[in-house]
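Topology and contacts: notes
Okay, here's what each chain looks like letter by letter:
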Amino acid sequence: MGLSNSGKAIFASIFVAWAVQFSFFLGLWNKLEYNDSSCKLLKPDVGNMQGSEDFSVGKHYNIVISQGDLHKAFNDGSASAKPGNIWFINVKHDKEKLIKTTLKNFPKNDLNNFHPHGIYISNKTDLLYAVNHAQIYSGVEIFKIDYTNSPNEIILEYQHTIRSNLFKLYAPNDVVEGKRKGEIYVTQWLPFGYPKLGKQHPSTPEERLKKALLVPINAIGGKMTNVYHCKWGNKNDNENKCKIAKGSKKFGMANGITISVDRTKLFVNDLSFKTIHIYNIDPTNDILQPSGKISLDYPVDNIEYMENGDIISGTIPHIYKAIANDYQHGKVPYIPGGISINKKNDDDGNGGYVETHPLMHDGTKLSQISAGTRWNNIFYLGSPFNEGVLMCQMD
């Protein structure tokens, strides 16, 4: 039995409404004005910096950057990607100089390498947390930060790895420290993860099906990703547990995550819905309490809570180009992006925040922006797949 005429009309109207909404998410109608004439691409004097996925502001004027060859890792597996590392810029000493940190005692071997994704620096505990997509696992690496020789050197001394059966390969995205040392929150951006050899090399019918479903799930607004709450610090790894954070909900694509300076509010970016979810953190237990949402003008990637209370993020206003670039294996040359700042304003109904876009770059110097941070009138922008860091000095 076929649909009646009224049923067909209802179905058609639902489809048209979805198509219009999806076209706005893709950015097909976004007309951008660029103000990037002051921007300069920074590259290290020594070595290669393939990718500058995320930023975190540390002590002593140091901006820290995660660098991993994520495009290669996601497509062909971490074993085929260039080695990753953590870099820094000391904005007081030389605001244009990229310096590689020294990783101390990190247990690298043929099956355990370093390809960092999202990072977080706790200026409360002097720990750096990095989501890592090693060859045989995806997890969170924890390092103690030694600033003794800053601005010339930062030493990251390996402390611990958090692994969980909940962390599918390549699925964890970003991380923050919780209320205190010994707990973290981790976002999951992929519902299934990728095969060990990357998404271009599924080897089983199940892996091929999961690959085929990724885009349709996002297109129809499916919510299958989570925020995890992990506790660590015990000598027995079996006692280091991760679970879905109590009080959180499913997300379309839980991406960037950040936390207020006083550790009372958690912010989770759902890229698929252009929304930052705000949670109150109960100081007496592990339950998150939803307290609002920030609707965004564009999809954003990583988000960072600044000391003044602003939330700064890297934007992807033409995300259709980023999707096309993924399908064409990096052949789309220029994907524009910029900086979004959400400033607290209790009079505003948008989660209590007002959004501005102080910087938009056309992608010719650094394509596809994943993160941003600010020091006075200087913005630094990163990219998940491309080389270097973009520095823009604004009036």
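Residues numbered from 1 in each chain as written. Predicted model: local features only at pLDDT ≥ 70, side-chain atom pairs only at ≥ 80, totals over all residues. Heavy atoms only, no water.

**Considerations on the side chain of Asp-69**
With respect to the secondary-structure elements, Asp-69 resides in the loop between strand E3 (62-67) and helix H2 (70-76). Summary of buried charges: Asp-69 has no salt-bridge partner, and the nearest side chain of opposite charge, Lys-82, is 5.5 Å away. Leave out the neighbours within four places in its chain, and Asp-69 touches Gln-50, Ala-81 and Lys-82. (Helix = DSSP H or I, 4+ residues; strand = E, 2+ residues; numbered from the N terminus. Buried < 20%, exposed > 50% of the residue type's maximum accessible area, 1.4 Å probe, protein only. Lys, Arg positive; Asp, Glu negative; His and termini not counted. Salt bridge = Lys/Arg side-chain N within 4 Å of Asp/Glu carboxyl O. Contact = heavy atoms within 4.5 Å.)

**Side note on unusual backbone geometry**
Here the bond from Ser-150 into Pro-151 is cis, since omega is 20°, no more than 30 degrees from zero. Within the element layout of this structure, Pro-151 appears in the loop between strand E9 (138-146) and strand E10 (155-162). Notably, Tyr-170 is not glycine yet its phi reads approximately 70°, a positive angle. Inspection of the secondary structure puts Tyr-170 in the loop between E10 and strand E11 (172-177). A positive phi angle, close to 50°, is found at Lys-274, a residue other than glycine. Looking at the element boundaries, Lys-274 is found in the loop between strand E16 (265-270) and strand E17 (275-281).

**Considerations on the sheet that holds strand E6 (residues 102-104)**
Across the sheet, five strands lie side by side as E6-E10-E9-E8-E7; this open sheet has mixed pairing. The outermost strands of the open sheet, each flanked by one partner alone, are E6 and strand E7 (116-122). Strand-to-strand twist of the sheet, defined as the mean angle between neighbouring strand axes without regard to direction, takes the value 30°. Two elements, E6 and E10, share three bridges in a ladder whose sense is parallel. Paired with Leu-103 across the bridge in E10 is Leu-156. (Pairing = 2+ DSSP bridges. Axes fitted to C-alpha atoms, helices over the stretch in contact; angles between N-to-C directions.)

**Things to note about the state of the cysteines**
In total, this model carries two disulfides according to the counting rule given. Between the sulfur atoms of Cys-230 and its disulfide partner Cys-242 the distance amounts to 2.2 Å. Across the S-S bond of Cys-230 and Cys-242 the torsion is about 115°, and the bridge reads as right-handed. Taken together, the positions of Cys-230 in strand E13 (residues 227-231) and Cys-242 in strand E14 (residues 242-244) put the pair 12 residues apart, joining distant regions of the chain. No difference in accessibility class separates Cys-230 from Cys-242, as the two residues are buried. When the cysteines of the protein that form disulfides are numbered from the N-terminus onward, they connect as 1-4, 2-3. (Disulfide = S-S within 2.5 Å.)

**Description of the packing of aromatic side chains**
For the structure shown, the criterion picks out 16 aromatic pairs. Aromatic side chains Phe-106 and Tyr-158 sit 5.6 Å apart centroid to centroid with 75° between the ring planes, which places their arrangement in the edge-to-face category. On the criterion of sequence distance, the pair formed by Phe-106 in the loop between E6 and E7 and Tyr-158 in strand E10 is long-range, its members being 52 residues apart. For the pair Phe-143 and Tyr-158, a centre-to-centre distance of 6.2 Å together with 70° between the ring planes defines the contact as edge-to-face. One end of the pair, Phe-143, is in strand E9; the other, Tyr-158, is in strand E10, and 15 residues separate them in sequence. Ring-pair connections join several aromatic residues into one group, and the members of that group are Phe-74, Tyr-170, Trp-189 and Tyr-194. It is Lys-223 that lies over the ring of Phe-273; its NZ or CZ is 4.8 Å from the centre. (Phe/Tyr/Trp six-rings, centres within 6.5 Å; stacked < 30°, edge-to-face > 60°. Lys NZ or Arg CZ within 6 Å of the ring centre and 35° of its normal.)

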